[in-house]
Amino acid sequence: MVLLYGSLAYMVGILAGRVIFDWLGLTCPLPGWLWLLPLALLPLTPLLNRTRKAATATPLRWPLSAGFEPERSLWSAGLLAALALCASAGALRYAGHPFTQCWTPFDLAYYNLPANQAFERSAPKVTVVGVIDSYPLVADVKQRLVVDAKTIEIDGQTQRVSGKVRLSTGIRERYTYGRPVRVTGRLVTPPEFEDFSYREYLARKGVHSLFYSAHIDVLDKPSQGNPLFAALYSVRQRGEIFLNRTLPEPYAALANGMLLGIESGIPDELYDQFNATGSSHVIVISGSNVALIAGVIMALMVRVVGGKRAVWFTVAGIACYALLVGGDAAVLRAAVMGSLAVIAAGLNRRSTGLVSLGAACALMTLLNPLALWDVGLQLSSAATAGLMLVAPSLIAGFRRFLNHVNLASVGRGPVGSFFEESFMVTLAANITTLPLVVFYFGRLSVVSLLTNVLILPAQPPIMLAGSAGVVAGIIGLEQVGQWILALPWLCLAWTVSIVQWTAALPGASLEIGGYGVGALVVTYAAIVVLKERSSLRRLLDRLRAWAAPDWWGRLISPAAVSGLALTTVLAWTAASSLPDGRLHLWFLDIGQGDGILIQTPSGRQTLIDGGASPEALFGELGAVMPFWDRTLDLLVLTHPDGDHMLAQAEAPARYQVAQAVHTSHAAQHPDEAIWQERMAGGNVVVTEMTAGGWIDLGDGAALWVLWPSPEGVQGKDADNENSLVLKLVYGDFSALLTGDAGLVSEQILLSQHAPLQSTLLKVGHHGSRNSSSPEFIARVAPQLAVIQVGIENDYGHPHQEVLNDLSGRTLLRNDLHGRVHVWSDGRQVWVETEKSQ
């Protein structure tokens with residue numbers, strides 16, 4: 001326990017060091033070795049414990065030694081002196097590595113512009129040569145990198161520098177760790193926001209600069225990264241690609257976060273729902289993941305090299321895993337605690353959880369004192385402390401309550417185990433983490449306990465089966481991995497549905513204002529008082545009058561029920577996803593853009609366009625396609641505008657695509673180069689189509705190509721006017737899909753007496769006044785019209801003139817109705833929308 005006291009004193013010293021540093025107005029760090037001086041004095045502290053009696057009767061003991069007994073001399077002078085020295089070491093450790101630095105011309109941050117000049121076009125640009133020093137994280141159409149700078153070129157002069165810079169770029173070029181690059185842009189100090197310091201957040205990660213408007217050139221040089229990191233990131237990338245190709249969205253993004261520590265792909269809206277329900281902790285890598293890795297490695301290595309040697313292989317495996325998943329503060333804390341537990345077990349020594357927790361946090365802040373302000377580390381440590389300190393008291397109180405109401409048999413059975421391992425443990429973690437959540441985020445989740453209790457049973461299968469599936473995929477057993485991931489998918493779907501349901505409840509998350517440091521301290525003090533006085537026990541005793549008769553214990557095994565239920569639901573879900581013999585069209589809600597999925601009666605799928613956001617497109621496809629189906633039979637690109645093409649270009653990275661269709665006009669357009677690159681990279685067969693062609697989709701469904709002609713339209717707005725105009729035909733049902741074709745194209749089709757009449761019209765160019773003339777609408781004579789348009793878009797789409805011309809017909813819009821689903825048996829037509837109006 002003395003080690004725990006010393007660790008706490010050291011961390012309190014870091015906090016005090018920041019207060020003193022700021023109070024003194026220091027702007028430059030003190031020498032980085034000063035913190036060693038107090039630690040060097042620790043061996044002298046036993047001298048303060050000597051009394052006349054102790055000097056002759058007892059040997060001299062160091063307060064931090066294994067033989068010291070703090071219970072007998074808790075407030076001894078030696079112990080107090082040792083704690084004071086630990087606190088002094090913490091204060092000096094911060095003073096040597098503070099948030100505020102004094103930069104020199106050899107530091108990259110020396111050349112930073114002020115944060116308010118980040119978007120000024122007149123601000124000077126610099127060129128940095130360095131090496132990509134992070135695992136590239138992709139979020140929709142952005143890619144985030146960290147570059148370790150080697151030199152900087154400014155005003156024609158080159159200077160050697162050191163420092164790291166974070167930047168965001170597009171996803172056309174995919175970068176990898178260790179690649180030498182030349183980056184040109186505006187080098188800026190990270191900004192300070194009203195309720196969040198981005199500068200301090202990046203400083204904890206060793207980054208003190210941001211690049212804006214960055215242009216990246218990859219240098220033709222060998223990789224310069226650390227070989228170990230390169231190997232680990234290569235494994236991580238293979239796991240990420242496998243999950244993305246195996247699971248639909250948003251479950252692939254969640255699985256990447258839970259299993260590989262890659263959270264960047266999780267949609268913001270979904271992440272906000274996890275935060276609002278107090279369940280975001282399930283997304284991050286935790287001690288459960290580390291325990292699983294440690295158990296597997298230990299079991300294998302015991303059989304290979306023997307017991308004691310297996311310990312060090314296991315510790316090395318834990319370290320590699322922590323680095324593999326990103327090495328965040330919370331992960332490293334769990335890794336250190338796991339390593340200490342493994343070492344203690346290998347040495348036949350007892351491992352104390354609180355001591356391990358204190359030692360882990362102290363070690364991390366010893367390496368980087370700024371980690372003490374890492375919110376993830378604070379929350380994970382608070383949750384761990386809650387499991388150690390609060391959960392036992394809650395479980396004991398629960399058992400006493402059952403004894404009082406003559407339900408002791410329930411406590412010894414599976415029902416009691418479930419309540420202890422889910423409800424009570426979840427409640428304990430909530431008690432110790434909610435004050436921090438309110439302090440940092442200013443909100444209190446009323447549904448946190450309910451949400452966590454409902455989703456907790458689904459997390460072990462995600463972790464266990466999910467890890468097994470990822471490993472199978474990484475080593476090349478992709479089909480096996482896909483089968484294994486069926487169970488994690490079901491559990492992920494359950495988790496998401498519960499989180500979305502509870503987040504939508506009235507008053508699910510309350511805004512809390514004015515909750516400062518004082519309130520935080522008082523709250524934790526109250527928790528300590530309540531725990532020590534066993535108030536919960538008296539509260540539970542008062543519930544005796546509401547107790548139910550003793551019939552719970554006769555319930556059949558919840559484990560058997562859960563297994564049967566999961567199997568049944570999985571089988572039912574798969575069966576319900578099978579083709580139903582009808583033609584289906586989904587007008588996907590992908591924002592300002594077009595994205596249409598066609599499914600034939602036998603299940604063949606065609607994706608027309610896809611919008612500008614891969615995240616939105618894959619989320620929509622994940623919602624409508626069978627969870628096990630990772631194929632697209634045909635991609636159709638109407639024209640190379642970004643709001644039609646960019647997301648579709650990423651489809652071969654997620655799905656097995658057989659064929660793609662575009663026009664000769666698009667093929668010659670420079671903007672389509674990225675689409676062509678992605679198709680070639682996915683080994684997709686690409687075909688050009690012109691007016692008069694047709695595509696047999698099978699099952700009696702076909703796409704007729706009505707436009708463009710080989711000559712097309714020249715001049716202004718030719719890109720839109722040369723958009724593919726397709727007519728989907730199935731029995732008596734037909735749908736005219738016009739892309740962004742405008743008035744010029746429409747007039748040509750009218751003059752050619754093209755077969756325009758259709759049951760459904762996909763209104764051209766998102767309802768722009770430059771398309772859908774009254775004559776064209778009259779010739780099509782649709783019963784149903786669909787406008788693909790984003791909410792409050794910058795173009796004012798749809799224009800009122802078009803809406804007036806469509807009056808009297810059934811009109812559906814993505815911005816108002818969400819995803820639109822139309823299906824037909826060739827005679828009748830059915831329609832449903834995601835949102836009701």
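Above this text you will find the structure in question.
Note that the structure is predicted; figures quoted are calculated from it, not measured.

Cut-off values and rules
Sequence order as written defines residue numbering, which begins from 1 separately in each chain. The predicted origin of the model limits local features to residues at a pLDDT of at least 70 and limits the giving and counting of side-chain atom pairs to 80 or more, whereas totals for whole chains, interfaces and linings rest on all residues. To get the side-chain values, all heavy atoms of the structure are used, and hydrogens and water are removed first. Per the convention used, a helix needs a DSSP run of H or I reaching at least four residues, while a strand needs a run of E reaching at least two, with both numbered from the N terminus. Burial classes follow relative accessibility: with a 1.4 Å probe on protein chains only, a residue under 20% of its type's maximum area counts as buried, one over 50% as exposed, and anything between as partly exposed. Any pair of N or O atoms that falls within 3.5 Å is considered a polar contact. Within protein, one atom must be able to donate a hydrogen and the other to accept it, and sequence-neighbouring residues count only if both atoms are side-chain atoms. Contacts: residue pairs with any heavy atoms within 4.5 Å of one another. A pairing counts as a salt bridge when a side-chain nitrogen of Lys or Arg comes within 4 Å of a carboxyl oxygen of Asp or Glu. In this scheme, strands are said to pair when DSSP sees at least two bridges between them. Simply put, an axis is a line fit to the C-alpha atoms, just over the touching stretch for a helix, and the angle between two N-to-C directions goes from 0 to 180 degrees. What is meant by a nonpolar core is a set of buried Ala, Val, Leu, Ile, Met, Phe, Trp, Tyr and Cys residues, joined one to another through side-chain atoms within 4.5 Å.

Peer 1: I would appreciate a short explanation of the side chain of glutamate 249 in the present structure.
Peer 2: Positionally, glutamate 249 belongs in the loop between α6 (227-246) and α7 (251-260). Using a relative accessible area of 8% as the deciding quantity, one classes glutamate 249 as buried. Here alanine 253 takes part through its backbone nitrogen, which lies 3.2 Å from a polar atom of the side chain of glutamate 249. At 2.5 Å, the side chain of glutamate 249 and the side chain of arginine 654 are in polar contact. When sequence neighbours within four positions are dropped, the list of residues in contact with glutamate 249 reads Asn244, Phe618, Gly619, Gly622, Ala623 and Arg654.

Peer 1: Could you clarify how one ought to interpret the pattern of salt bridges in this entry?
Peer 2: Should their charged atoms come close, side chains of opposite charge can pair. Under the criterion given, the structure shown has 17 salt bridges. Between arginine 179 and glutamate 173 there is a salt bridge, with its nearest N and O atoms 3.9 Å apart. In this structure arginine 179 comes out as partly exposed when scored by relative accessible area, which is 25%. Put simply, glutamate 650 and arginine 174 hold a salt bridge, and the shortest N to O gap is 2.9 Å. Of this pair, glutamate 650 sits in the loop between α25 (642-649) and α26 (651-654) while arginine 174 sits in the loop between β5 (164-169) and β6 (180-188); the two residues are 476 residues apart in sequence, bridging distant segments of the chain. The class of glutamate 650 is buried, set by a relative accessible area of 6%.

Peer 1: Quick question: what am I supposed to make of the environment of leucine 42 here?
Peer 2: Tracing the backbone shows leucine 42 in the loop between α2 (36-40) and α3 (52-57). On the accessibility criterion, leucine 42 (7% relative accessible area) is buried. A sequence separation of 43 residues divides leucine 42 from leucine 85, and the C-alpha atoms of the two residues are 7.0 Å apart.

Peer 1: Sorry, what's going on with the sheet that holds strand β17 (residues 701-707) here?
Peer 2: Adjacent strands of a sheet form backbone hydrogen bonds with each other and so pair up, either parallel or antiparallel. Pairing within the open sheet is mixed, and its seven strands lie in the order β16-β17-β18-β19-β20-β21-β22. One side of each edge strand has no neighbouring strand; the edge strands of this open sheet are β16 (694-698) and β22 (810-813). Adjacent strand axes in the sheet meet at a mean angle of 20 degrees when their direction is disregarded. Note: strand β18 (residues 725-730) against strand β19 (residues 733-737), five bridges, orientation antiparallel. Each bridged residue has a counterpart across the sheet, and for tyrosine 730 the counterpart in β19 is phenylalanine 733.

Peer 1: Would you take a moment to explain the nonpolar core for this structure?
Peer 2: Counting 38 residues, the largest nonpolar core has Leu243, Leu247, Leu254, Ile266, Phe274, Ile283 and Leu492 as its most contacted members. Mapped onto this core, the elements with two or more residues apiece are α6, α7, α8 (268-276), α18 (459-474) and α20 (486-503). Considering every element that reaches this core, the biggest residue donor is α20, with nine residues. Sequence-distant contacts of phenylalanine 274, that is, excluding residues within four places in its chain, are made with Leu254, Ser279, Ser280, Val282, Ile283, Thr495 and Val499. Judged by nonpolar contacts, the second largest core, of 28 residues, contains Ile695, Leu728, Tyr730 and Ala735.

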